[in-house]
Amino acid sequence: MIPESLRALLDETQGQRRVEWAGRELWLANESWGELAISLQGAQVLHFLPASATSPSADAGWLWVTPTPQDVPGAIRGGIPLCWPWFADESPDGQGPMHGPARKADWRLDAADEHEEGIELHFSPAGRLHEQLVPRTVIQANAKRLHVELITEHRGETPVKMSGALHSYFAVADAHRCRVEGLAGARYLDKRQGFAECVQQGELGIRGALDRIYESNREVVLDDGSRRLRIAKQGSDSTVVWHPGDDLPNDTPVEVGRRFLCVEAATTRLDPVWLVPGAQHLLATTITCEDV
Ligand SMILES: O=P(O)(O)OC[C@H]1O[C@H](O)[C@H](O)[C@@H](O)[C@@H]1O
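Going by an unreviewed UniProt entry, the chain carries the name Putative glucose-6-phosphate 1-epimerase and comes from Litchfieldella rifensis. For the record of the chain, the UniProt heading Sequence similarities (unreviewed entry) holds the text "Belongs to the glucose-6-phosphate 1-epimerase family." The UniProt entry for the chain carries the following comment under Catalytic activity (unreviewed entry): "alpha-D-glucose 6-phosphate = beta-D-glucose 6-phosphate".

This is the structure we're talking about:
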């Protein structure tokens, strides 16, 4: 579910082009394999609709974006924000911005490799975001799947502890009537109960606000009753599931507030990555739909 203004820009796009939306530069594609929109602020995928989607709705994209994003330099709520090099408030000194600087930074498109069936895009930050770590992202889209990689290279001298997330906002019919399959039996930290340690009994049914970090490297299926999205991942032993319930953030109008659920491939306080000089870490997610 994307804002009408973004929908209109995609409808007017044939092939690929750059446009301005909400004060940010976007890269758009409307191709035979599907539609893709990426914000250069944060290298953030905002929209993906594969050509194979069978849903009758014209706006059946897999991701959700708020129609009222914060002004720049605020982050856009929606799509797949890159949280790097830490998740939430886990910065080394506890003072850094929530979810790290990458999602608000300017990124540039370094390469776009097109082929008959899809596209692969490479982005890197326009400026330096960390003293020793350098991130880049690779986004692949085709008629059946969306794949996002966040790669971190250590180019410094001393080991660095990092965390992060592909903070995906999935479009759903009603967040309070969703099921996330694949977490049964997993241990989790309940952020709404002071990080209490719990164990998931049976499959997760969402009925209201929740904010949990599951210890899991498994793929999950998000079922909203009309669509089953399969969310696989790599380099991640934490799966974050978040919805604010009725206590919506300021940038989220009430009429669209239940139309997303965050299911995030993450590394967190449960599984921080210690990266040594010369090493790389890959955090990735692959999203497919069982109906296509
Ligand atoms: O509002 P944001 O900074 O984008 O964060 C949104 C949410 O992100 C994650 O899912 C965290 O677990 C939540 O605690 C947080 O509220």
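**Student:** Any details on the site of the ligand? Residues and values, ideally.
**Tutor:** Looking at the ligand, the residues that line it are A88, M98, H99, K191, D211, V240, W242, P249 and C262. A per-class count over the shell around the ligand returns six nonpolar, one polar and two charged.

**Student:** So, the nonpolar core: which residues are in play, and what are the values?
**Tutor:** Formed by 76 residues in total, the largest nonpolar core has its most connected members in L63, F170 and L261. If you tally residues by element for this core, the top one is strand β21 (residues 260–267), at six residues. Those residues in contact with L63, other than ones at most four positions away along the chain, are V45, L46, H47, F48, G78, G79, I80, Y169, F170 and A171.

**Student:** Residue-level account of unusual backbone geometry, with values.
**Tutor:** In this model, V72 is joined to P73 through a cis peptide bond whose omega is 15 degrees. Topologically, P73 is positioned in the loop between β4 (44–50) and β5 (82–83). Residue W84 is joined to P85 through a cis peptide bond whose omega torsion reads -5 degrees. Within the secondary structure layout, P85 lies in the loop between β5 and β6 (107–115). The residue A43 is not glycine, and still its phi comes out positive at about 45 degrees. Positive phi, close to 65 degrees, is recorded for F195, a residue that is not glycine. Considering the arrangement of structural elements, one finds F195 in the loop between β14 (187–190) and β15 (196–199).

Conventions adopted
- Within any chain, residue numbers begin from 1 and follow the written order of that chain's sequence.
- Restriction of local features to residues with pLDDT of at least 70 applies here, the model being predicted, together with a cutoff of 80 or more for giving and counting side-chain atom pairs; totals for whole chains, interfaces and linings are based on all residues.
- UniProt positions are given in the numbering used here, feature names are shortened, and annotations may be inferred rather than shown by experiment.
- In this analysis a residue is considered near a molecule or strand if the C-beta atom, reconstructed from its backbone, is found within 6 Å of that molecule or strand.
- Under the scheme applied here, ten amino acids are nonpolar (Ala, Val, Leu, Ile, Met, Phe, Trp, Tyr, Cys and Pro), four are charged (Asp, Glu, Lys and Arg), and all others, including Gly, are polar.
- As used here, a nonpolar core is made of buried Ala, Val, Leu, Ile, Met, Phe, Trp, Tyr and Cys residues. They are joined through C-beta atoms within 7 Å.
- Field definition: a residue is buried when 20 or more other C-beta atoms are found within 10 Å of its C-beta, exposed when 12 or fewer are, and partly exposed for counts in between, with C-beta atoms placed from the backbone.
- Runs of E in the DSSP output that reach at least two residues are strands. Runs of H or I that reach at least four are helices, and both are numbered from the N terminus.
- Note on contacts: each residue gets a C-beta atom placed from the backbone, and two residues are in contact if those atoms are within 7 Å.

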